[in-house]
Amino acid sequence: MSAELDVAARVVELIRELAGREAEAEVVVRNEAEALTRFANSAIHQNVADVTTGVRLRLHTGGRTAGGSTTVTGPDGLRTLVERTLAAARVSPPDASWAGLTRPAALHVSAGHAGSGEHSGLSFGFDEATAHADPADRAARVRDFVDAAGGLETAGYCRTVAVAAAFANTAGQAVEGRTVEAAMDGIARFGSASAGFADGVARLAASRLSGIDGAALGARAAAKARAAGSPAELPPGSYEVVLEPDAVKDLLENLATFGFNGKAWVQRQSFAEPGRAQFDPAVTIVDEPLGSRAEPAPGLPFDDEGTPRRSLVLVRDGVTRAVAHDRTSAAEAGAESTGHASPYSRSWGPQATHLRLEASDTAASTADGPAAIAASARPLVARVARGLLITDFWYTRVLDPKSLVVTGLTRNGVWLIENGEIVSAVGNVRFTQSYPQALGPGRVHGIGGESVLLPESWGRARYAAPALHLAGWNVTGNASG
């Protein structure tokens with residue numbers, strides 16, 4: 001038994017002692033070690049590390065529910081947690097939406113992962129070297145990034161995260177697991193204050209720090225920055241586009257947050273209609289918390305309600321198949337939890353956090369081409385008569401959750417394509433676009449042959465995104481307004 005599972009078991013014992021056998025409760029114990037090395041002006045300016053063990057308790061008694069948390073894991077701290085959560089539950093309003101507890105169930109085993117066990121993911125996909133990486137290990141990637149940028153000003157971060165967690169409830173479910181991740185995100189800047197600046201970006205997520213090549217990322221960011229200089233300005237309109245993986249990540253993130261969200265679906269605030277062909281037949285989207293294709297698991301093998309996680313097909317060949325559920329949204333929908341409970345899912349809804357947009361069967365391009373263009377985007381660019389190559393989106397905001405109309409800006413490189421060739425850089429533009437509509441039947445002209453693993457900027461989600469060739473994208477403004 002791990003230290004985390006031992007703490008969870010002790011909390012369950014305290015609940016039975018203090019709240020009685022009729023009380024229902026679930027406990028999540030999470031030890032998280034995050035280390036971050038940040039750089040700006042081509043030099044490291046911050047290295048921070050934090051290790052925290054947190055205990056979260058959700059208690060349901062007398063038809064009422066309350067939650068509590070603590071980072072004090074000694075006997076007194078755990079007893080205090082149970083006492084104050086019990087006191088809060090007794091004065092809380094009745095909870096008619098309580099969906100009960102997860103019954104004892106074994107964790108699912110990913111076929112490609114020898115070493116994962118029935119009850120524990122402890123040995124599966126966990127790289128000890130990454131979990132114990134020191135500042136010098138991350139600094140080496142930063143140095144390689146800076147050197148490869150060839151004198152351009154650079155900024156970004158390299159991070160490592162290791163999580164060991166356990167879950168136990170009063171119904172007898174008890175599981176544990178751990179996971180680790182590395183990520184790097186950096187920009188290179190070309191130009192001057194008088195002539196204007198152009199930025200290029202390169203990002204990557206990996207299950208091992210050894211999978212992060214700082215030199216390759218730095219060279220790519222620098223090539224994009226140099227290629228983005230002296231941009232022209234284009235008028236608003238609908239443009240054929242090739243979206244590089246960084247931009248596609250934003251599509252996946254918003255689809256997960258607002259579209260495939262079980263709470264939004266129950267409340268009829270989601271576009272999703274399972275069983276209907278809402279996307280182009282080329283589109284297949286899968287949530288893969290247990291990893292795939294020899295990729296170690298990016299997430300824990302269970303959710304915050306102790307439900308075992310497994311692969312979930314959200315879209316298959318253009319047909320919407322499912323949405324993500326926790327126990328609450330599943331009960332309201334007359335379905336079963338898909339293993340997507342989080343500390344926030346009862347408020348914000350359950351969200352898939354390990355989405356993969358399936359790449360095409362075509363092998364990724366190895367042909368020569370501008371270094372600024374992602375390899376999987378090059379064959380897609382060659383098919384465009386006139387359109388835009390877009391690297392990245394940022395500051396995207398949802399205008400209408402139901403149709404998932406999003407407005408935002410481009411960033412880190414936009415180019416005009418004519419007759420399959422890049423002819424000039426383009427200034428950043430504002431767009432207003434329904435994401436499902438952009439991926440709708442007949443709207444996807446091509447998907448790249450290689451997915452890139454990309455980190456979420458502010459959280460722990462991970463996305464596998466190929467390049468996309470889309471029939472149209474609504475540009476609604478440019479640098480002049």
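Here goes a summary of the coordinates provided. (Residues numbered from 1 in each chain as written. Predicted model: local features only at pLDDT ≥ 70, side-chain atom pairs only at ≥ 80, totals over all residues. Heavy atoms only, no water.)

Another point: helix 4 (residues 135–148). An ideal rise of 1.5 Å per residue puts 20 Å on 14 residues; helix 4 measures up with 20 Å between its terminal C-alpha atoms. Residues of helix 4 that are buried sit in contact with strand 1 (24–40), strand 2 (43–61), strand 4 (153–169), strand 5 (174–192) and helix 5 (214–227). By the N-cap criterion, in which a side-chain oxygen at the helix start approaches the backbone nitrogen of a residue two or three places on, helix 4 is capped by Asp134, the distance to Ala136 being 3.1 Å. Backbone geometry just downstream of helix 4 places Gly150 in the positive-phi region, at approximately 60°. (Helix = DSSP H or I, 4+ residues; strand = E, 2+ residues; numbered from the N terminus. Expected span 1.5 Å × (residues − 1). Contact = heavy atoms within 4.5 Å. Polar contact = N/O pair within 3.5 Å; in protein donor to acceptor, adjacent residues only side chain to side chain.)

Let us look at the packing of aromatic side chains. Summed over all chains, the structure comprises 9 aromatic pairs. When the centroid spacing of 5.3 Å and the interplanar angle of 50° are considered together, the rings of Phe431 and Trp473 count as tilted. Of this pair, Phe431 sits in strand 15 (residues 430–434) while Trp473 sits in strand 19 (residues 468–477), and the two are 42 residues apart along the sequence. Assigned by exposure class, Phe431 and Trp473 land together as buried. An aromatic cluster of at least three residues, connected via ring pairs, comprises Phe393, Phe431, Tyr435 and Trp473. Note that Arg397 overlies the ring of Tyr395, its terminal NZ or CZ placed 4.2 Å from the centroid. (Phe/Tyr/Trp six-rings, centres within 6.5 Å; stacked < 30°, edge-to-face > 60°. Buried < 20%, exposed > 50% of the residue type's maximum accessible area, 1.4 Å probe, protein only. Lys NZ or Arg CZ within 6 Å of the ring centre and 35° of its normal.)

Attention shifts here to the packing of helix 1 (residues 3–19) against helix 2 (residues 75–90). As a packed pair, helix 1 and helix 2 sit with axes 10 Å apart at the nearest point and diverge in direction by 50°. Accordingly, the angle class assigned to the pair helix 1 and helix 2 is oblique. Here the hand of the crossing between helix 1 and helix 2 comes out right-handed. Between helix 1 and helix 2, the residues in contact are Val7, Arg10, Val11, Leu14, Ile15, Glu17, Leu18 and Ala19 and Pro75, Leu78, Arg79, Val82, Glu83, Leu86 and Arg90, respectively. When grouped by side-chain class, the residues that make up the contact of helix 1 with helix 2 number 10 nonpolar, no polar and 5 charged. (Axes fitted to C-alpha atoms, helices over the stretch in contact; angles between N-to-C directions. Parallel < 35°, antiparallel > 145°, perpendicular 65-115°, else oblique. Left-handed = near helix turned anticlockwise from the far one by under 90°. Nonpolar A, V, L, I, M, F, W, Y, C, P; charged D, E, K, R; others polar.)

Looking at where Gly63 falls in the secondary structure, it is placed in the loop between strand 2 and strand 3 (64–70). Look at Gly63 and you get partly exposed, because its relative accessible area is 33%. Among residues more than four places away in sequence, those in contact with Gly63 are Pro94 and Asp95.

Judged by pairing direction, the sheet is antiparallel, and its 6 strands sit side by side in the order 3-2-1-4-5-6 without closing on themselves. Single-partner strands in this sheet number two, and they are strand 3 and strand 6 (196–206). Taken over all neighbouring pairs, the strand axes of this sheet differ in orientation by 15° on average, direction set aside. Relative to strand 6, strand 5 runs antiparallel, the two being bridged by 11 bridges. Counterpart to Met184 in the pairing with strand 6 is Leu204. Packing against the sheet, helix 2 makes contact with strand 2 and strand 3, and its axis sits at approximately 150° to strand 3. (Pairing = 2+ DSSP bridges.)

This paragraph deals with the pattern of salt bridges. Counted by the stated rule, this structure contains 22 salt bridges. Among the ionic pairs, Asp6 bridges to Arg10, the shortest N-O distance being 3.3 Å. With Asp6 and Arg10 both in helix 1 and 4 residues apart, the pair spans about one turn of that helix. Under the relative-accessibility criterion, Asp6 is labelled partly exposed at 33%. Residue Arg178 pairs with Glu128 through a salt bridge whose shortest N-O separation is 2.8 Å. Linking Arg178 in strand 5 with Glu128 in helix 3 (residues 128–131), this pair joins segments that are 50 residues apart in sequence. Among the residues examined, Glu128 registers a relative accessible area of 36% and is labelled partly exposed. Here the salt bridges share partners, and the residues they tie into one network are Arg30, Glu32, Glu34 and Arg460. (Salt bridge = Lys/Arg side-chain N within 4 Å of Asp/Glu carboxyl O.)

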